[in-house]
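Below are the chains, spelled out letter by letter.
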Amino acid sequence: MKKLLFALLHAAGVTRLAAWRNRRRVVFLCYHGVTERTTRAAHDPHGIHVPAPLFERQLDYLVSRYRVIPLSEYLAARREGRRLPPYCAVLTFDDGFRNFLTAAAPRLAARRLPASLFVITDKTADEDDAGNDSAAHDALRWSPADDLTHLSWSELRALAREHGFEIGSHTCSHSRLPSLTPAETERELRDSFAAVALLAGEGAPALSYPKGDYSSVLARLARSVGYACAVTVDGGANDPAHTDPFALGRHLIGDRDDRAAFAVRVSGVRDSLARLRAACRRLFPAAARQPRAEVRLRAGGTTEHY
Ligand SMILES: [Zn+2]
């Protein structure tokens, strides 16, 4: 049903119109992994690993309509008060799954597209555990284990230095930050910052809030630790001049986002529909049958993993 609605909206040109209206805002997309599997795996109930052919179609859609820029370019434009060209997009990948290296990176590199990776530093393997500098080998092939395991520090170094991917923090343990004590929260932000700062080059690293949970207190703490910005999973169109850099929105992309669904999400139509639904709920509270969190999950994306 939802697929049909998206197909109709796309065919009717609604996505094109919405994309035009949002052309001055920068679209941020949140991926987790890219897989060579042809069907969703049992360990991926929420569909966070996008099949490679679908990922390629999504990238080609972006290439045909958007200019994909590094997150650092968005931040530089904001800092310098510089206006970016219309139809810009930023690609991000959360959790640091190894399939970024074996399935996503080659497809991004083939199109010369930049991306940011947000890694969970406690899950990032030490050099010895990961074996040799496998990132340097062109023949590196995806294996099913790559959808479950995480990149090593040496692989991240190669991705950053040799391929220009930007590495940020997704905290140390991927815990819901609002559920931790202030001291634990600060340690999560500081220790992961120190670990990824070594890979961030000259600029300060960015932060991705685990599960998208954030607050003004967390945003202030992230800023004081030294992060350049922080990304959420609320919406996905950001205005360099107006959006709080510590509450940057992202559109979640899942494994069922065909061309129409992807276009609806990227254009901002999906957000508009979610806002419309929220407004209806406020106007007609008796008709609201689901708890807010569940509605947000369905409106915001295919995954609760983040
Ligand atoms: Zn995550």
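All of these numbers come straight from a predicted model, not from anything done at the bench.

Colleague: Which parts of the structure should I look at to understand the overall build of the protein?
Modeller: In terms of regular secondary structure, the protein is built from 12 helices and 11 strands. In the protein, of all internal contacts separated by at least 6 residues, the share reaching a separation of at least 24 is 71%. Total accessible area on the protein stands at roughly 14600 Å², and carbon and sulfur atoms take up 54% of it.

Colleague: Looking at this model, I keep getting lost on the nonpolar core. Mind explaining?
Modeller: Inside soluble globular proteins, nonpolar side chains tend to come together where they are buried. Counting 41 residues, the largest nonpolar core has L29, Y31, F55, L91, F93, F100 and L108 as its most contacted members. Non-local contacts of F100, meaning those with residues more than four positions away in its chain, are made with F93, A105, P106, L108, L117, L151, L159 and F165.

Colleague: Would you mind going over unusual backbone geometry with me for this structure?
Modeller: A negative phi angle characterises most non-glycine residues, just as the trans form characterises most peptide bonds. For R112, which is not a glycine, the phi torsion comes out positive at approximately 55°. Structurally, the position occupied by R112 is in the loop between α5 (99-110) and β6 (116-119). Look at R112 and you get exposed, because its relative accessible area is 77%. Phi at T171 takes a positive value of approximately 75°, unusual for a residue other than glycine. Note on placement: T171 falls in the loop between β7 (166-169) and α8 (182-197). T171 sits in the buried class, given a relative accessible area of 0%.

Colleague: I keep staring at the packing of aromatic side chains and nothing clicks. Help me out?
Modeller: For any two aromatic rings, the description comes down to two numbers: the centre-to-centre distance and the angle of the planes. Per the counting criterion, the structure on display carries 10 aromatic pairs. Consider the rings of Y31 and F55, whose centres lie 5.2 Å apart with planes at 90°: the pair is edge-to-face. In this pair, Y31 is assigned in strand β1 (residues 26-31) and F55 in helix α3 (residues 52-65), connecting sequence segments 24 residues apart. For the residue pair Y31 and F55, the accessibility class agrees, reading buried in each case. Taking the centre distance of 5.8 Å and the plane angle of 85° together, the rings of Y61 and F262 count as edge-to-face.

Colleague: I keep staring at the pairing of β1 and nothing clicks. Help me out?
Modeller: On any regular strand, side chains alternate: one points to one face of the sheet, the next to the other face. Of all the 6 residues making up β1, 6 are buried; the element is thus mostly covered by neighbouring parts of the structure. In the sheet, β1 pairs with strand β10 (residues 237-238) via 2 bridges, with the strands oriented antiparallel. Opposite V27, over in β10, you have A237 as the bridge partner. Sheet analysis places β1 next to strand β5 (residues 88-95), joined by 5 bridges and oriented parallel. In the strand pairing of β5, L29 is matched with L91.

Colleague: Which parts of the structure should I look at to understand the confidence of the model for the protein?
Modeller: With 89% of its residues at a pLDDT of 70 or more, the protein has an overall mean of 87. This stretch, residues 291-304, has a pLDDT under 50; its non-local contacts, to residues over four places away or in other chains, come to 31 contacts.

Colleague: Is there a simple way to explain helix α4 (residues 71-80) in this structure?
Modeller: Residues that lie three or four places apart on an α-helix share one face, since the helix turns once every 3.6 residues. Regarding α4, the residues found buried are L71, Y74, L75, A76 and A77. Elements in contact with the buried residues of α4: β1, β5, β6, β7 and β10.

Colleague: It is not clear to me how the environment of R220 should be interpreted in this structure. Could you clarify?
Modeller: Summarising the element assignment, R220 is placed in helix α9 (residues 216-225). Once the C-alpha coordinates of R220 and F246 are considered, the two residues, 26 residues apart in sequence, prove to be 8.1 Å apart.

Rules of the game
- Residues numbered from 1 in each chain as written.
- Predicted model: local features only at pLDDT ≥ 70, side-chain atom pairs only at ≥ 80, totals over all residues.
- Heavy atoms only, no water.
- Helix = DSSP H or I, 4+ residues; strand = E, 2+ residues; numbered from the N terminus.
- Contact = heavy atoms within 4.5 Å.
- Areas by Shrake-Rupley, 256 points an atom, 1.4 Å probe, with all protein chains shown as cover.
- Core = buried A, V, L, I, M, F, W, Y, C linked by side-chain atoms within 4.5 Å.
- Buried < 20%, exposed > 50% of the residue type's maximum accessible area, 1.4 Å probe, protein only.
- Phe/Tyr/Trp six-rings, centres within 6.5 Å; stacked < 30°, edge-to-face > 60°.
- Pairing = 2+ DSSP bridges.
- pLDDT = per-residue confidence, 0-100.

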